[in-house]
Structure formats: structure tokens, C-alpha cells
Amino acid sequence: MVLIIFGPPGAGKGTQASIIAKNYNMLHISTGDILRAAVKQGSELGSLAKSYMDKGELVPDNVVIGIIREVIKTSDSTDGYLLDGFPRTIPQAEALDRMLNSLSLKVDKVVSIEVPDGEIISRIGGRRVCEKCGAMYHKVYDPPKNSDICDKCEGNLYQRDDDREDVIRKRLQVYSGQTLPLKAYYRNASILREIDGLGTIDDVKSRISDSLGQKT
Ligand code: AP5
Ligand code: MG
């Protein structure tokens, strides 16, 4: 199965994708996580990506398409791919269709997590991420047992560089202008499932499981 988790910044894509990938044994591919790892390594890709990410802009299509092509080519996932944060533009979606077609695969479903802007600001504002294992928390909605320390690996929690309020607003603008048109693209293909993203992480998880046709 090839599944896309779609939605605005801070909607809960990464949170839900981690749960689904574990439950369905799928390979979770997050372009945001891959780019942040490149930034941390200080690679050429990382410094290019950082110049866009820090401003809340999209990294050029050819760069992210190349990343996805490489991950899919070198992975041996048999149970499927769970794409989080990709595609984000129509050219990315078209490139993905061509890539999957050459492997006799296709996008099976697109789950769009619907969350209003006000909630997004508060979700992103309280987000904390483990610098060691990447686990995600929220100061209020999903707090760690000890503040600023990861429950899973005791790594330090930090706030992402692009989680400043001015950058969040830019990311929301970019989402509306460049990414939202993808909903029509997938609605036309009859594979779009719109999910109410309000409520607890568990509430949203159950709605997504229902829409995938299996209970977890
Ligand atoms: P990316 O890392 O993909 O960021 P994003 O799309 O802006 O989304 P986020 O990761 O901020 O949010 P999320 O939806 O994953 O929410 P989360 O689960 O963390 O991309 C970053 C940048 O990389 C882009 O701006 C761009 O520059 C570049 N990039 C990446 N992909 C690209 C591409 N394809 N093309 C070009 N450029 C690309 O949840 C948020 C918070 O809310 C957490 O604290 C969580 O604990 C909490 N939370 C989650 N669910 C709930 C709930 N139900 N109730 C309460 N709190 C909740
Ligand atoms: Mg994410």
C-alpha cells in the first residue's frame, strides 16, 4: 500500500504517521525529517535545504523528488510506503505517480488531516522534539514525564528552528498557495479522505484507522 498523510504544518502528520507506520508495518518517509537530518550532518544538501526551511519556503522540487526516488530505490519495504510531507506541489505529485508506475505501484489513499489555523499555531508553538531519537511531544497536549527530557531515550528536547511564529505564518501561506491544490488532484482520482484533525491524538488515530478500513 502507498499512503500519503497530507495536511497543513502542525496538523499532526508526523504524530499520526509514526503510529500508522508501526501498526501497519509500513516504511515512514518524512521529507522534513530527511532534510533536518541533512542539516544536522552539515552536508551540501543540508545547507541548501536550510536556506529554504528557515524562511518557511519549500525546498526545490527537483531536490525533494531526488530524495524520494533514492529512498524508494534503496528500500526493501514489502508492506508499503507511508509518505509524510511529500508530495507538496503538483509537479511532485506527478513525479511520484511516474516513479510508482515504473514499479507497478500507485498511490492508494491520501489522508488529509483537517485542522484550523488557530489550533495549528498552538500545536506548533508547544511542540518539542528529541534531538537524539526524533520523538515528538507537546508541552500541554502530549508532555514528556520530565520537562525537556525524552521519555524514550533521555535525549534533550528542542524547538525546531522553523517553529517561530513568523515562520509558521509563512509556512501556512506556502501551504495554501502551493500544497492545497493537491487536494483537488487527489479528489479527482477518488482517493482523498478528509479527516477531522481536532480532538486528542487518539481520537484522530481512530478516525484514520476507520478510513483505512481496519481497526488498530
Ligand atoms: P515538515 O517537517 O514536513 O513540516 P510541516 O509540513 O510544516 O509539518 P510539521 O512537521 O510542522 O507538522 P506535522 O503535521 O508533522 O505535525 P506534528 O505531528 O509534528 O517540513 C518542514 C520544511 O521542510 C518545509 O517547510 C519545507 O521547507 C521542507 N520540506 C519538507 N518536505 C518538503 C517537500 N515535499 N517539498 C519541499 N520542501 C519540503 O504535530 C505538531 C504538534 O502537535 C506536536 O507537538 C504534536 O505532539 C501535537 N499534536 C499532534 N496531534 C495532536 C492532537 N490531535 N491534539 C493535540 N496536539 C497534537
Ligand atoms: Mg512533521
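Residues numbered from 1 in each chain as written. Chains lettered and ligands numbered in written order. Predicted model: local features only at pLDDT ≥ 70, side-chain atom pairs only at ≥ 80, totals over all residues. Heavy atoms only, no water.

Caption draft 1: Expanded view of the sheet that holds strand E1 (residues 2-6). The strand order across the open sheet built from five strands is E2-E3-E1-E4-E8, with neighbouring strands paired in parallel fashion. The sheet is open, and its two edges are formed by strand E2 (27-30) and strand E8 (192-196), each paired on a single side. Along the sheet, successive strands turn relative to each other by an average axial angle of 20 degrees, direction set aside. Taken together, the four bridges between E2 and strand E3 (residues 81-84) define a ladder with parallel strand orientation. (Pairing = 2+ DSSP bridges. Helix = DSSP H or I, 4+ residues; strand = E, 2+ residues; numbered from the N terminus. Axes fitted to C-alpha atoms, helices over the stretch in contact; angles between N-to-C directions.)

Caption draft 2: Geometry of the pattern of salt bridges. For the structure shown, the criterion picks out 17 salt bridges. Taking the shortest distance from any N to any O, the salt bridge between Asp-162 and Arg-160 comes out at 3.0 Å. Residue classification places Arg-160 among the buried residues on the basis of a relative accessible area of 12%. For Arg-187, the salt bridge identified is with Glu-194, shortest N-O distance 3.7 Å. Connected through salt bridges with shared partners, the residues Arg-127, Arg-160, Asp-162, Asp-163 and Arg-171 form a single ionic network. (Salt bridge = Lys/Arg side-chain N within 4 Å of Asp/Glu carboxyl O. Buried < 20%, exposed > 50% of the residue type's maximum accessible area, 1.4 Å probe, protein only.)

Caption draft 3: A look at unusual backbone geometry. Residues Phe-86 and Pro-87 are joined by a peptide bond in cis, for which omega reads -5 degrees. Tracing the chain through its elements places Pro-87 in the loop between E3 and helix H5 (90-101). A positive phi angle is found at Asn-25, which is not glycine, with a value near 55 degrees. With respect to the helices and strands, the residue Asn-25 is situated in the loop between helix H1 (13-24) and E2. Taking the relative accessible area as the measure of exposure, Asn-25 reaches 51% and is therefore exposed. Despite not being glycine, Glu-154 has its phi angle at roughly 65 degrees, a positive value. Positionally, Glu-154 belongs in the loop between strand E6 (136-138) and strand E7 (157-158). The class for Glu-154 is exposed, based on a relative accessible area of 64%.

Caption draft 4: Summary view of the site of ligand 1. The immediate surroundings of ligand 1 are formed by 34 residues, with Thr-15, Glu-57, Arg-88, Arg-127 and Arg-171 found nearest. Between ligand 1 and Gly-199, the relevant distance is 3.0 Å, taken from a nitrogen atom to a main-chain nitrogen or oxygen of the residue. With the chains in place, 97% of the 1,000 Å² that ligand 1 exposes on its own is no longer accessible. Elements supplying a minimum of two residues to the shell around ligand 1: H1, helix H2 (31-41), E6 and helix H9 (201-212). Considering only residue class, the shell around ligand 1 consists of 14 nonpolar, eleven polar and nine charged. (Near = heavy atom within 4 Å. Polar contact = N/O pair within 3.5 Å; in protein donor to acceptor, adjacent residues only side chain to side chain. Areas by Shrake-Rupley, 256 points an atom, 1.4 Å probe, with all protein chains shown as cover. Nonpolar A, V, L, I, M, F, W, Y, C, P; charged D, E, K, R; others polar.)

Caption draft 5: Highlighting the packing of helix H7 (residues 165-179) against helix H8 (residues 181-188). H8 packs onto H7 with a crossing angle of 40 degrees between their chain directions and a minimal axis gap of 5 Å. The pairing of H7 with H8 is recorded here as oblique in orientation. In contact with Ser-176, Gly-177, Gln-178 and Thr-179 of H7, H8 contributes Pro-181, Leu-182 and Lys-183. Across the contact of H7 with H8, the residue classes tally to two nonpolar, four polar and one charged. (Parallel < 35°, antiparallel > 145°, perpendicular 65-115°, else oblique. Contact = heavy atoms within 4.5 Å.)

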